[in-house]
Amino acid sequence: MLVLGIESSCDETGVALYDTSAGLLAHQLHSQIAMHAEYGGVVPELASRDHIRRVLPLTEACLADAGRSLTDIDAIAYTAGPGLSGALLVGASVANAMAFALNKPTVAVHHLEGHLLSPLLADPAPVFPFIALLVSGGHTQLMAVHGVGRYELLGETVDDAAGEAFDKSAKLLGLGYPGGPALSKLADQGDPARFTLPRPMLNSGDLDFSFSGLKTAVLNLVKAEQPLNEQTRADICAAFQEAIVEVLSKKCIKAMKQTGMQRLVIAGGVGANRQLRAGLDEVCRRRNWQVFYPPLHLCTDNGAMIAFAGAQRLQHASSAGSFAVQPRWDLSTLPAA
């Protein structure tokens, strides 16, 4: 089965072809970072208009890379939510229009399910069940994953997600947009021991997270250390990153012990963070657990994860989608496949 996947939930247009027999055949991605950087954040109307410009040329390029044509496609998967409503409507409209013209089914994919299943595109890939840390710009959640559509929420952020804290703290430090990758890069040059930052909810007794207080601590530190020089910025970045990695790592340990599972999966954009990967690798090595990540180029939003998730839904006889988007969509409402 050949599935075309379209991702347009926010500021990246992704298109991919996934074959259930041959795997990922091709994928194309366009990031809008340069366009939104001028405004210091995503402008929804501009994002929607850019998706309109990009999605068909990216689809054509993807088909050419794979040596396939539209008539070879068996189904079309698209991100139906959560995300920006206008951006989601672009992908939904294109997917359903193509499907109608080709007389093929569509599959409405939950964006977070795409991220959650994306490590299964890696080699080696995890098998069910596993604990998943879903950590991105807008979400930080711990899930027990028993199969496609069988997700048990163990804990989540009560305020800012880890990715939001990265971006907002980077802005406080004058690192521009998007700030998270810039903060991580500068942290490599810093001394994390120079400043002590809080570890919010580290000892809360549950698996929830909170990162807004950490962001506030960075704000207070920036004010206290004025004027900031480059080394001070680097040291604050290093201390901030170490705090987040410690919280995420220890919550993962608690989730693994609580459930008795042996496999940990990391998904979402923050999963590309090198210090987080190194910390979790060491944690799992010491305890003889397995840890899995998506390929680096599939950590951020992309069409490959949507094509793959759509293919899994179809293979497990889930019903085809309809023309609908859900800017707010609780992952726990998804039916089991």
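Residues numbered from 1 in each chain as written. Predicted model: local features only at pLDDT ≥ 70, side-chain atom pairs only at ≥ 80, totals over all residues. Heavy atoms only, no water.

### Some words on the overall build of the protein chain
Part 1 of the reasoning: Broken down by element type, the protein chain carries 10 helices and 10 strands.
Part 2 of the reasoning: Against the globule reference of 20 Å for 337 residues, the protein chain gives a C-alpha radius of gyration of 20 Å, in line with a compact fold.
Part 3 of the reasoning: Along the first, second and third principal axes, the C-alpha atoms of the protein chain reach 60 × 45 × 30 Å.
Part 4 of the reasoning: When burial is assessed residue by residue, the protein chain has 53% of its 337 residues classed as buried.
Part 5 of the reasoning: Across the protein chain, every contact between residues at least 6 apart in sequence was considered, and the portion connecting residues at least 24 apart equals 72%.
Part 6 of the reasoning: Accessible surface, the protein chain: about 13,900 Å² in total, of which carbon and sulfur atoms supply 52%.
Part 7 of the reasoning: Distance from the positive charge centre (26 side chains) to the negative charge centre (32 side chains) of the protein chain: 4 Å. (Helix = DSSP H or I, 4+ residues; strand = E, 2+ residues; numbered from the N terminus. Rg over C-alpha atoms; globule rule 2.2 N^0.38 Å. Buried < 20%, exposed > 50% of the residue type's maximum accessible area, 1.4 Å probe, protein only. Contact = heavy atoms within 4.5 Å. Areas by Shrake-Rupley, 256 points an atom, 1.4 Å probe, with all protein chains shown as cover. Lys, Arg positive; Asp, Glu negative; His and termini not counted. Charge placed at Lys NZ, Arg CZ, Asp CG, Glu CD.)

### Topic: the UniProt feature "binding site: Fe cation" (unreviewed entry) in the protein chain
Part 1 of the reasoning: Feature annotation in UniProt assigns "binding site: Fe cation" (unreviewed entry) to the following positions: His111, His115 and Asp301. The largest pairwise C-alpha distance within this set of annotated residues, which runs over 191 residues, is 8.5 Å, so the set is compact in three dimensions.
Part 2 of the reasoning: Within the secondary structure, His111 is located in helix α4 (residues 111-117).
Part 3 of the reasoning: Exposure remark for His111: the relative accessible area of 7% places this residue in the buried category.
Part 4 of the reasoning: Every residue in contact with His111, bar those within four places of it in the chain, is listed here: Glu7, Ser9, Thr79, Gly81, Pro82, Asp301 and Met305.
Part 5 of the reasoning: Within polar-contact distance, the side chain of His111 engages the side chain of Ser9 at 3.4 Å.
Part 6 of the reasoning: The contacts of Asp301, once residues within four sequence positions are left out, are Glu7, Ser9, Cys10, Glu12, Leu29, His111 and His115.
Part 7 of the reasoning: Within the local environment of Asp301, its side chain forms a polar contact with the side chain of His111, the two groups lying 3.1 Å apart. (UniProt positions renumbered as here; feature names shortened; annotations may be inferred. Polar contact = N/O pair within 3.5 Å; in protein donor to acceptor, adjacent residues only side chain to side chain.)

### A short note on the pattern of salt bridges
Part 1 of the reasoning: With the rule as written, the count across this model stands at 16 salt bridges.
Part 2 of the reasoning: For Arg53, the salt bridge is made with Asp50, and the minimal N-O distance between the two is 2.9 Å. One end of the pair is Arg53 and the other is Asp50, both in helix α2 (residues 44-66) and three residues apart, which spans about a single turn.
Part 3 of the reasoning: Among the residues examined, Asp50 registers a relative accessible area of 2% and is labelled buried.
Part 4 of the reasoning: One salt bridge in this structure joins Arg199 and Glu242, with 3.6 Å as the shortest N-O distance. Of this pair, Arg199 sits in the loop between α6 (179-187) and α7 (212-224) while Glu242 sits in helix α8 (residues 230-259); the two residues are 43 residues apart in sequence, bridging distant segments of the chain.
Part 5 of the reasoning: Looking at Arg199, the relative accessible area reads 23%, which means it is partly exposed.
Part 6 of the reasoning: Overall, the relative accessible area of 31% leaves Glu242 in the partly exposed class. (Salt bridge = Lys/Arg side-chain N within 4 Å of Asp/Glu carboxyl O.)

### Description of unusual backbone geometry
Part 1 of the reasoning: In the segment running from Gly81 into Pro82, the intervening peptide bond is cis, with an omega of -15°.
Part 2 of the reasoning: Of note, Pro82 is situated in the loop between β4 (75-81) and α3 (85-102).
Part 3 of the reasoning: Between Asp123 and the following residue, Pro124, the backbone shows a cis peptide bond with an omega angle of 5°.
Part 4 of the reasoning: Mapping Pro124 onto the fold places it in the loop between α4 and β6 (130-135).

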